[in-house]
Amino acid sequence: MSDKYIELKVKKRPWYEWVVWAVWAFGILFILQNAISSGRELEPRAATIFWVSFVVWLLAGLVVWFIRRSK
């Protein structure tokens, strides 16, 4: 039986970057909840606005993560 270890490297980041990511995660959950609720309440215009906002927030976060991942 061979012992294999997984090495996990955690990069040190400034505290404000963690705060920004937490705000982003809270915002994406807030928008998602509003989009689902608007859809269930049969408010198609509001649901569409929230779904578009959700996609924009999600893509913005992914773009920032992709650009900064090599640093």
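Computed from a prediction, not measured in an experiment: that's the story for all the values here.

*Asks:* Even after reading the chapter, I still don't get the environment of Asn 34, so can you show me in this structure?
*Replies:* Note that Asn 34 resides in helix α1 (residues 15-40). A relative accessible area of 17% places Asn 34 in the buried class. Each C-alpha atom, one on Asn 34 and one on Lys 12, is 34 Å from the other, the two residues being 22 residues apart in sequence.

*Asks:* What exactly am I supposed to notice about the packing of aromatic side chains here?
*Replies:* Remark: the centre distance and the inter-plane angle together describe each pair of aromatic rings, the angle taken between the planes. If you walk through the whole model with that rule in mind, you get four aromatic pairs. Consider the rings of Trp 21 and Trp 24, whose centres lie 5.6 Å apart with planes at 85°: the pair is edge-to-face. Here the residue Trp 21 and the residue Trp 24 both occupy positions in helix α1, the gap between them amounting to three residues, near one helical turn. When its relative accessible area of 27% is taken as the criterion, Trp 21 is described as partly exposed. When its relative accessible area of 21% is taken as the criterion, Trp 24 is described as partly exposed.

*Asks:* Please clarify how the pattern of salt bridges should be interpreted in this entry.
*Replies:* Any two side chains of opposite charge can pair, given that their charged atoms come close. Taken as a whole and judged by the stated rule, the model has two salt bridges. Two residues, Glu 17 and Arg 13, come together in a salt bridge whose shortest N-O distance is 3.7 Å. Taken together, the shared-partner salt bridges connect Arg 13, Glu 17 and Arg 68 into one network.

*Asks:* Can you help me understand the packing of α1 against helix α2 (residues 44-68) in this one?
*Replies:* The relative placement of two packed helices comes down to the angle between their axes together with the axis-to-axis distance. In contact at an axis separation of 8 Å, α1 and α2 are set at 155° when each is read in the N-to-C sense. When the interaxial angle is binned, α1 and α2 end up roughly antiparallel. Helix-helix and strand crossings are classified by hand; for α1 and α2 the assignment is left-handed. Here the residues of the contact of α1 with α2 are counted per class, giving 17 nonpolar, six polar and two charged.

*Asks:* It is not clear to me how a nonpolar patch on the surface should be interpreted in this structure. Could you clarify?
*Replies:* Taken together, the side chains of Trp 15, Tyr 16, Val 19 and Val 23 define a hydrophobic patch exposed on the protein surface, amounting to about 480 Å² of accessible area. On the accessibility criterion, Trp 15 (66% relative accessible area) is exposed.

*Asks:* Quick question: what am I supposed to make of the side chain of Ser 38 here?
*Replies:* You can see Ser 38 is positioned in helix α1. For Ser 38, a relative accessible area of 9% puts it in the buried group. Apart from the residues within four sequence positions on either side, Ser 38 is in contact with Glu 43, Ala 46, Ala 47 and Phe 50.

Criteria and thresholds
- Once a new chain begins, its residue numbering starts again from 1 and follows that chain's sequence as written.
- In view of the model being predicted, local features appear only for residues whose pLDDT reaches at least 70, and side-chain atom pairs are presented and counted only at 80 or more, with totals across whole chains, interfaces and linings using the full set of residues.
- Processing note: side-chain calculations cover all non-hydrogen atoms of the structure and skip hydrogens and water entirely.
- The helix count covers DSSP runs of H or I at least four residues long, the strand count covers runs of E at least two residues long, and both are numbered beginning at the N terminus.
- Accessibility here uses a 1.4 Å probe with only protein chains present; expressed as a share of the type maximum, an area under 20% marks a residue as buried, one over 50% as exposed, and anything in between as partly exposed.
- Two rings from Phe, Tyr or Trp (for Trp, the six-membered ring) form a pair when their centres are within 6.5 Å of each other. A pair whose planes differ by under 30 degrees is stacked, one over 60 is edge-to-face, and the rest are tilted.
- Here, a salt bridge means any side-chain nitrogen of Lys or Arg that lies within 4 Å of a carboxyl oxygen of Asp or Glu.
- Angular values range over 0 to 180 degrees, each being the angle between N-to-C directions of two axes fitted as lines to C-alpha atoms, with helices fitted over their stretch in contact.
- Oblique is the label for any angle not under 35 degrees, not over 145, and not in the 65 to 115 range, which are roughly parallel, roughly antiparallel and roughly perpendicular in turn.
- Note on convention: near helix rotated counterclockwise from far helix by under a right angle means a left-handed crossing. Clockwise means right-handed.
- Under the grouping applied here, Gly and all other residues not named as nonpolar or charged are polar, the nonpolar ones being Ala, Val, Leu, Ile, Met, Phe, Trp, Tyr, Cys and Pro and the charged ones Asp, Glu, Lys and Arg.
- Each patch is built from residues that are more than 30% exposed by relative accessible area and take part in no salt bridge. Like charges join if they lie within 9 Å; nonpolar side chains (Val, Leu, Ile, Met, Phe, Trp, Tyr) join within 5 Å.
- All accessible areas in this document rest on Shrake-Rupley with a 1.4 Å probe, and a residue is counted as covered only by the protein chains that are shown.
- Residue contacts are defined here by distance: any two heavy atoms, one from each residue, within 4.5 Å place the two residues in contact.

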